[in-house]
Amino acid sequence: MSTQAETRRITAPQLQARKGGEPIVSLTSYHAHTARLLDPYVDFILVGDSLGMVMHGLESTVPVTVEMMILHARAVMRGTRRALVVVDLPFGSYEGSPLEAFHTASRVLKETGAGAVKLEGGRHMAETVRFLVDRGVPVMGHVGMTPQAINTLGSFKARGRDEAEAALILADARAISDAGAFAIVLEAMAEPLARTITQEISAPTIGIGGSPACDGQVLVLEDMLGLGDRVPKFVKKFANLGPQIEQAVENYANEVRARTFPGPEHVYGLPKDSPLLKAGE
Ligand code: KIV
């Protein structure tokens, strides 16, 4: 029976086995076009709920729905063949109970074909992570600055900068790792804390404002391409495409107004023997 795709995708267990090994590379993507560009270079693509802010202009990730996540994840799946695709469970779709989380996660995996889900939260989510993993759902955790909790956190500032908070975040990461998460995102926290967590837990850590010592790194694609207006300290702009896009659009507008675009090379002629040619002469 030959039912397998030509290229096998990277799996969650393969990434889990990379603890302490070659760094795991990841970026976000929300649609097929960028996903296709990323696919050869990254180990996993995160369809993050940051799409609410980046793609839909929302002020936070809180209003993002399961339907939005599924729509974007399907596009990313269509654009990729190789990378593991991980999809965020959005706020309000999983926190109520392990069963609610299973219903949402299984729907996401079935309707998108993605290989794993990500959810935010520490000790209070450990039971849910265990419930999902035991039922065949690979789960990536996310601790530290957890954007879905913006309304209780009050700001997007870095976490774990005092001893008490650092101890709680370490306990969060340990609980999620022990519950069976195949990897854990460490977002916006004091660097020594991200380093310690990486040393102390068995799941690979994926830093975003974490530490170079993390087992991997992830960034929001639009931020690292220089498309975001305001980016956090942890973003390095590997390109500055914003001004380039603006310049291209300005050039286009000027050429359309001056009727220099489209040029002769951009329009369709007629075959040499077309009677329409003669009629138009
Ligand atoms: O939604 C997202 O893009 C994320 C990353 C910031 C890790 O969760």
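Sequence order as written defines the numbering, with residues in each chain counted from 1. Since the coordinates come from a predicted model, pLDDT governs what is reported: local features require at least 70, and pairs of side-chain atoms require 80 or more to be given and counted, while whole-chain, interface and lining totals use all residues. To get the side-chain values, all heavy atoms of the structure are used, and hydrogens and water are removed first.

Turning next to the overall build of the protein. Strands are runs of DSSP state E lasting at least 2 residues, helices are runs of H or I lasting at least 4, and numbering of each runs from the N terminus. Each helix and strand in the protein was counted, giving 12 helices and 8 strands. The C-alpha extent of the protein, read off along each of the three principal axes, is 85 × 50 × 35 Å. Buried residues in the protein amount to 47% of all 281 residues. Whether two residues touch is decided by their heavy atoms; if any such pair falls within 4.5 Å, the residues are in contact. Considering only residue pairs separated by 6 or more positions, the protein has 57% of its internal contacts joining residues 24 or more positions apart. Working definition of accessibility: Shrake-Rupley area with a 1.4 Å probe, residue cover restricted to the visible protein chains. Approximately 15200 Å² of the protein is accessible, and the part contributed by carbon and sulfur atoms is 56%. Only protein chains enter the accessibility calculation, which uses a 1.4 Å probe. A residue is then buried if its area is under 20% of the maximum for its type, exposed if over 50%, and partly exposed in between.

Another aspect to go through is the site of the ligand. Neighbouring the ligand are the residues T28, L46, G48, D49, S50, D88, K118, H142, V185, E187, I208 and V220. In this structure, D49 approaches the ligand through a side-chain N or O atom, which is 3.1 Å from an oxygen atom. Any pair of nitrogen or oxygen atoms within 3.5 Å is treated as a polar contact; in protein, a donor-acceptor pairing is required on top of that, and neighbouring residues in sequence qualify only through side-chain atoms on both sides. Here an oxygen atom of the ligand sits 2.5 Å away from a polar atom, N or O, in the side chain of S50. Considered on its own, the ligand offers 260 Å² of accessible surface; in the complex 95% of this is hidden by protein. Lining residues are defined by having an atom within 4 Å of a point belonging to a cavity or pocket. Those points lie on a 1 Å grid over the protein atoms alone, cavities being sets where a 1.4 Å probe fits but cannot get out and pockets being open sets with protein on both sides within 12 Å along at least five of seven lines. More than half of a molecule's atoms lying within 2 Å of a cavity's or pocket's grid points is what places that molecule inside it. Judged by the fraction of its atoms near the pocket grid, the ligand is located in the largest pocket. Classifying every residue of the shell around the ligand by side-chain character gives 4 nonpolar, 4 polar and 4 charged. Near, as used in this document, describes a residue that has one of its heavy atoms within 4 Å of the molecule or strand being considered. Note on residue classes: Ala, Val, Leu, Ile, Met, Phe, Trp, Tyr, Cys and Pro are nonpolar, Asp, Glu, Lys and Arg are charged, and everything else, Gly too, is polar.

Turning next to the domain arrangement of the protein. The split of the chain into domains comes from an automatic or database domain assignment. Domain annotation of the protein identifies domain 1 (3–239) and domain 2 (244–280). With centres defined by C-alpha atoms, the gap from domain 1 to domain 2 works out at 45 Å.

Taking burial as the measure, the 5 residues of strand β1 (residues 24–28) include 4 buried ones, the bulk of the element. Between any two strands, at least two bridges found by DSSP are needed for them to pair. With 4 bridges joining them, β1 and strand β8 (residues 216–219) adopt parallel strand pairing. Along β8, the bridge assignment pairs S26 with V218. Two strands pair when backbone bridges link them, and β1 and strand β2 (residues 44–47) are joined in this way by 3 bridges, in the parallel orientation. Across the sheet, residue L27 finds its bridge partner in β2, namely I45. Assessed by its sense of winding, the connection that carries the chain from β1 through helix α2 (residues 32–38) to β2 is right-handed. Viewed with both strands pointing away, a crossover whose connecting path from the first strand over the helix to the second turns clockwise is right-handed.

Attention now moves to the side chain of T34. Its place among the elements puts T34 in helix α2. Those residues in contact with T34 that sit more than four places away from it in its chain are S29 and L221.

Here S29 lies in the loop between β1 and α2. Looking at S29, the relative accessible area reads 1%, which means it is buried. Engagement of the side chain of S29 in a polar contact is seen with the backbone nitrogen of A35, the distance being 3.3 Å. Here S29 is in contact with T34, A35, L38, I45, L46, V47 and V76, once residues within four sequence places are set aside.

A separate point is the pattern of salt bridges. Salt bridges are defined as contacts in which a side-chain nitrogen from Lys or Arg sits within 4 Å of a carboxyl oxygen from Asp or Glu. One pass over the structure, following the stated rule, counts 10 salt bridges. Ionic pairing is found between K118 and D88, a salt bridge with its closest N-O pair at 2.7 Å. Linking K118 in strand β4 (residues 116–118) with D88 in strand β3 (residues 84–88), this pair joins segments that are 30 residues apart in sequence. Of the two residues, K118 and D88, both sit in the buried class. E165 serves as the salt-bridge partner of R159, at 3.8 Å between the closest nitrogen and oxygen. Classification of E165 by relative accessible area gives partly exposed; the value is 25%.

Attention now goes to helix α8 (residues 163–178). Helix length check: α8, at 16 residues, gives a terminal C-alpha distance of 22 Å against a target of 22 Å (1.5 Å per residue), a fit within 8%. Within α8, the full set of buried residues consists of A166, I169, L170, D172, A173, A175, I176 and S177. Looking at the buried side of α8, the elements it contacts are α6 (126–134), β5 (139–144), β6 (183–187) and α9 (191–200). Residue D162 occupies the N-cap position of α8, its side-chain oxygen lying 3.1 Å from the main-chain nitrogen of A164. Residue G180 follows α8 closely and has a positive phi angle near 110°. Expected helix span is given by 1.5 Å per residue-to-residue step, counting one fewer step than there are residues.

Ordered by their spatial adjacency, 8 strands build a closed barrel running β1-β2-β3-β4-β5-β6-β7-β8, and the pairing between neighbours is parallel. The sheet shows a mean angle of 25° between the axes of neighbouring strands, direction not considered. What counts as an axis is a line fitted to C-alpha atoms, over the stretch in contact for a helix, and the angles between N-to-C directions run from 0 to 180 degrees. The strands that α8 touches are β5 and β6; relative to β5, the one it contacts most, it runs at about 175°.

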